[in-house]
Amino acid sequence: MRTLVVGGGGREHALVWKLSQSPKVEALFCAPGNGGIGDIATCVDLEATDVEGLLDLARKERIGLVVVGPESALSAGIVDVFESKGISIFGPRAAGARMETSKIYSKELMERQGIPTAPFKVFEALEEAQRHVRALKPPYVVKADGLCAGKGAYVVKESSEGEKAVKELLADSLFGEAGSRILVEQFLNGIEVSYLAFTDGQSILPMLPSQDHKALLDNDLGPNTGGMGAYTPVPFLDKPMEEEINAAIMQKTVTALRNEGVTYKGVLYAGLMMEGRKPFVLEFNARFGDPETQPILFKMESDLLPILTSCAEGRLDRAGGIAWKGGVSVCVVLASGGYPERPEKGKVIRGLDEVRREKDVFVFHAGTKKVGKEYYTSGGRVLGVTAVGETYRDAIRKVYSAVSCISFEGMQFRKDVGAKALALQSGGGSP
Ligand code: AMP
Ligand code: GLY
């Protein structure tokens, strides 16, 4: 199968890396790709949202399966266009991608269908929203409806912050159209888990649960980012809890969408808050997570290609289960100086050769560019150093030993990725 991966971040490097091991993949393309992806696939300089350009590429290269990484391409309708031309593509259509691009759409669907999520109210008018939050006792959460590059959720802890958040969204239009409608929802207290499942629009095939590290600094301090690290699996999530998530959230959502006329194919990603043993949905994403995909695929034993093609063909029942390697996997993101506000670019990256020799470690590239034999930084999140180990301690030791070999000017990373797993394991609960 000639395969094209759309996107150019760490998630796409993980997808390309995993697909490159499939005996069924004859040729591998990525658009636009990055410095690391170029070492194992043919990179084509097309943006993920250039649907017409990608269609030309797919025809010219006789692509048998397209795998879509970023939500920008999904909401641009890439799946609708490719399916209408009879080209097999993995990902939901634009109507399904609304689960991610409109929080109000997904919350209203959950409310209609009895899928557990925090109670909420929707507002458009400034005055009405201000009146509502003035009467609330913090903590509560104010959220923009649309995509705001991970900055559209305000966890309000002091009364004054609520009105400020509402004003930023509805009066100052900080996020433009994306914040022109907002949600105000109840605060949930618990442990966050990322839960991803493959689906063909009928049944689901869950992946291993994982945990993201969204804040820039250790101990979850500092501004929110796209994700500074992740690990899988999550120690306290036992089989009955996973079964409840699968039945009450993942399968129920896919069925609900189908009942409402949306056949959702691809990855359904639920950002969950576990209140004790009870899961609640914070948000849905319509794609693989980044960086969760890096440790998840690093631990996947099965061939990824047949799973993706069975989803795209609506025949997930043919895929069988997923086999996983034993142990755990941890990914530490190395980010540029100035990230997330103003990431510096163009810095030479050193030490990658040294890490290449390490067993059980792989460095997924995100914002990198290769010039000659050298790799340079070209974005906010630069690398995702990923390791597998028998235990969390073992994987954490391996991953940080690899991180210590790599350097570039201004490099920043969290030193506590995986610490939560150790705390949860020792029964410490929320660290
Ligand atoms: P979201 O974009 O909806 O995933 O929200 C971003 C982050 O805000 C989440 O990862 C949580 O840490 C936090 N958050 C969102 N909704 C809630 C909630 N209802 N209760 C507590 N924290 C929340
Ligand atoms: N890691 C969070 C996301 O992919 O949205």
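Here's a quick rundown of the structure. (Residues numbered from 1 in each chain as written. Chains lettered and ligands numbered in written order. Predicted model: local features only at pLDDT ≥ 70, side-chain atom pairs only at ≥ 80, totals over all residues. Heavy atoms only, no water.)

**Things to note about the sheet that holds strand S12 (residues 211-212)**
Part 1: Taking strand neighbours across the sheet as the criterion, the 5 strands line up as S12-S15-S18-S22-S19 in an open arrangement whose pairing is antiparallel. Of all the strands in the sheet, the pair left with one neighbour each is S12 and strand S19 (361-365).
Part 2: Sheet analysis places S19 next to strand S22 (residues 381-389), joined by 5 bridges and oriented antiparallel. From the neighbouring strand, His 365 faces S22, where its bridge partner is Leu 383.
Part 3: Packing against the sheet, helix H13 (residues 392-403) makes contact with strand S15 (229-232), strand S18 (328-335), S19 and S22, and its axis sits at approximately 140° to S22. (Pairing = 2+ DSSP bridges. Helix = DSSP H or I, 4+ residues; strand = E, 2+ residues; numbered from the N terminus. Contact = heavy atoms within 4.5 Å. Axes fitted to C-alpha atoms, helices over the stretch in contact; angles between N-to-C directions.)

**Overview of the layout of surface pockets**
Part 1: In this model, the second largest pocket occupies a volume close to 240 Å³.
Part 2: Residue lining of the second largest pocket: His 13, Gly 36, Asp 39, Ile 40, Leu 352, Val 355, Arg 356, Val 361, Phe 362, Val 363 and His 365, and that is the complete set.
Part 3: Where the lining of the second largest pocket is concerned, the elements lending two or more residues are helix H12 (352-356) and S19. (1 Å grid on protein atoms, 1.4 Å probe; cavity = no way out; pocket = protein on both sides within 12 Å on 5 of 7 lines; lining within 4 Å. Points joined across faces, edges and corners; volume = space filled by probe spheres on them.)

**Description of the environment of Val 44**
Part 1: Summarising the element assignment, Val 44 is placed in the loop between strand S3 (42-43) and helix H2 (51-60).
Part 2: As for Val 44 and Pro 32, which are separated by 12 residues in sequence, their C-alpha atoms are 5.3 Å apart.
Part 3: The contact partners of Val 44, leaving out residues within four places of it in the chain, are Phe 29, Cys 30, Ala 31, Pro 32 and Leu 57.

**Remarks on the packing of aromatic side chains**
Part 1: According to the stated counting rule, one finds 10 aromatic pairs in the structure shown.
Part 2: Aromatic side chains Phe 362 and Phe 364 sit 4.9 Å apart centroid to centroid with 55° between the ring planes, which places their arrangement in the tilted category.
Part 3: In this structure Phe 362 comes out as partly exposed when scored by relative accessible area, which is 25%.
Part 4: The structure contains a cluster of three or more aromatic residues connected by ring pairs, namely Trp 17, Phe 298, Phe 362 and Phe 364.
Part 5: The ring of Tyr 105 has Arg 98 sitting right over it, with the charged end atom 4.3 Å from the ring centre. (Phe/Tyr/Trp six-rings, centres within 6.5 Å; stacked < 30°, edge-to-face > 60°. Buried < 20%, exposed > 50% of the residue type's maximum accessible area, 1.4 Å probe, protein only. Lys NZ or Arg CZ within 6 Å of the ring centre and 35° of its normal.)

**Points about the site of ligand 2**
Part 1: Every residue close to ligand 2 is listed here: Asp 212, Gly 226, Tyr 269, Asn 285, Arg 287, Gly 289, Asp 290, Pro 291 and Glu 292.
Part 2: Asp 290 is positioned with one of its backbone polar atoms (N or O) 2.9 Å from a nitrogen atom of ligand 2.
Part 3: A distance of 2.8 Å is found between a nitrogen atom of ligand 2 and a side-chain nitrogen or oxygen belonging to Glu 292.
Part 4: Taken by itself ligand 2 offers 200 Å² of open surface, and the protein chains cover 89% of this. (Near = heavy atom within 4 Å. Polar contact = N/O pair within 3.5 Å; in protein donor to acceptor, adjacent residues only side chain to side chain. Areas by Shrake-Rupley, 256 points an atom, 1.4 Å probe, with all protein chains shown as cover.)

**Some remarks on the site of ligand 1**
Part 1: The environment of ligand 1 is made up of 14 residues, and the closest members are Lys 143, Glu 185, Gln 186, Leu 188 and Glu 192.
Part 2: Between a nitrogen atom of ligand 1 and a side-chain N or O atom of Glu 185, the distance comes to 2.7 Å.
Part 3: A distance of 2.4 Å separates an oxygen atom of ligand 1 from a polar side-chain atom of Glu 192.
Part 4: Contact with the protein chains hides 88% of the accessible area of ligand 1, taken as 470 Å² for the molecule alone.
Part 5: Put simply, the parts of the chain that give the shell around ligand 1 at least two residues each are strand S7 (140-144), strand S8 (153-156), strand S9 (182-186) and strand S17 (278-285).

That's the geometry; what it means functionally is another story.
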